[in-house]
Amino acid sequence: MYVVDSTVVVPDHKADELISIYQNRSRLVDGADGFLSFQLLQNERKPGELTVHMEWKDKSSYLNWARSEQFKKIHELEKNYPDQELQGIVPHVKKYEVVAQ
């Protein structure tokens, strides 16, 4: 299994707005080969810190998705958020190979 975490930090007063965006996400990734799950995590001590946690069958499945037109489409939408504060957010991405369960 392969895990990708993408963390952003927004002003606390913007957290609910970003959560709403993810609750209404396009779900294009859900049909990708090797996609297992998606969760949006909120740090309980820092409400403006949100992490997209995605699980994949393997690294190649994730890489195929990351090179796809759907991936490009989703990330183009993110660049066009109407809210200027959310538009400029750069995520901190970490990738993990699951080595034990």
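What this report covers is the structure whose coordinates are included nearby. Counting restarts for each chain: residues are numbered from 1 in the order of the written sequence. Under the rules for a predicted model, residues below a pLDDT of 70 receive no local features and side-chain atom pairs below 80 are neither given nor counted, while totals for whole chains, interfaces and linings still include all residues. Each side-chain value is worked out from all heavy atoms of the structure, with water and hydrogens disregarded.

### Regarding the packing of aromatic side chains
In this description, an aromatic ring pair is defined by two values, namely the gap between the centres and the angle between the planes.
So, point 1. Planes of paired rings set the category: under 30 degrees apart is stacked, over 60 is edge-to-face and the rest tilted, where pairs are Phe, Tyr or Trp rings (Trp by its six-membered ring) whose centres lie within 6.5 Å. A complete count under the given rule lists 6 aromatic pairs for this structure.
So, point 2. The ring of Phe-38 is capped by Arg-25, whose NZ or CZ atom sits 3.9 Å from the centre of that ring. Over a ring means this: the NZ of a Lys or the CZ of an Arg is within 6 Å of the ring centre and within 35 degrees of the ring normal.

### Considering the pairing of strand β2 (residues 35-42)
So, point 1. Relative to strand β3 (residues 49-56), β2 is paired through 7 bridges, and the arrangement is antiparallel. Looking across to β3, one finds that Phe-38 is bridged to Met-54. In short, DSSP must find at least two bridges between two strands for them to pair. For the purposes of this entry, the term helix denotes a DSSP run of H or I that reaches at least four residues, the term strand denotes a run of E that reaches at least two, and both are numbered from the N terminus.

### Notes on the sheet that holds strand β4 (residues 92-97)
So, point 1. Strand order in the open sheet formed by 4 strands is β2-β3-β1-β4, and the pairing between neighbours is antiparallel. The open sheet has two edge strands, β2 and β4, and neither has a second partner. Across the sheet, the mean angle separating the axes of adjacent strands is 15° when strand polarity is ignored.
So, point 2. Here strand β1 (residues 2-9) runs beside β4; their pairing, made up of 6 bridges, is antiparallel. Looking across to β4, one finds that Val-4 is bridged to Lys-95.
So, point 3. Contacts were defined at the residue level, with two residues in contact if any of their heavy atoms lie within 4.5 Å. Axis lines are fitted to C-alpha atoms, over the contacting stretch for helices. Their N-to-C directions set the angle, which ranges from 0 to 180 degrees. Running over the sheet, helix α1 (residues 15-23) touches β1, β2 and β3 and is turned about 165° from β2.
So, point 4. Lying over the sheet, helix α2 (residues 59-66) contacts β1, β3 and β4, oriented at roughly 115° with respect to β3.

### Looking at the environment of Gln-23
So, point 1. Inspection of the secondary structure puts Gln-23 in helix α1.
So, point 2. Once the C-alpha coordinates of Gln-23 and Val-93 are considered, the two residues, 70 residues apart in sequence, prove to be 20 Å apart.

### Some points on the side chain of Lys-14
So, point 1. Following the sequence through the fold, Lys-14 ends up in the loop between β1 and α1.
So, point 2. Contacts of Lys-14, omitting those with residues within four sequence positions, involve Asp-83, Glu-85 and Leu-86.

Keep in mind these values describe shape, not function.
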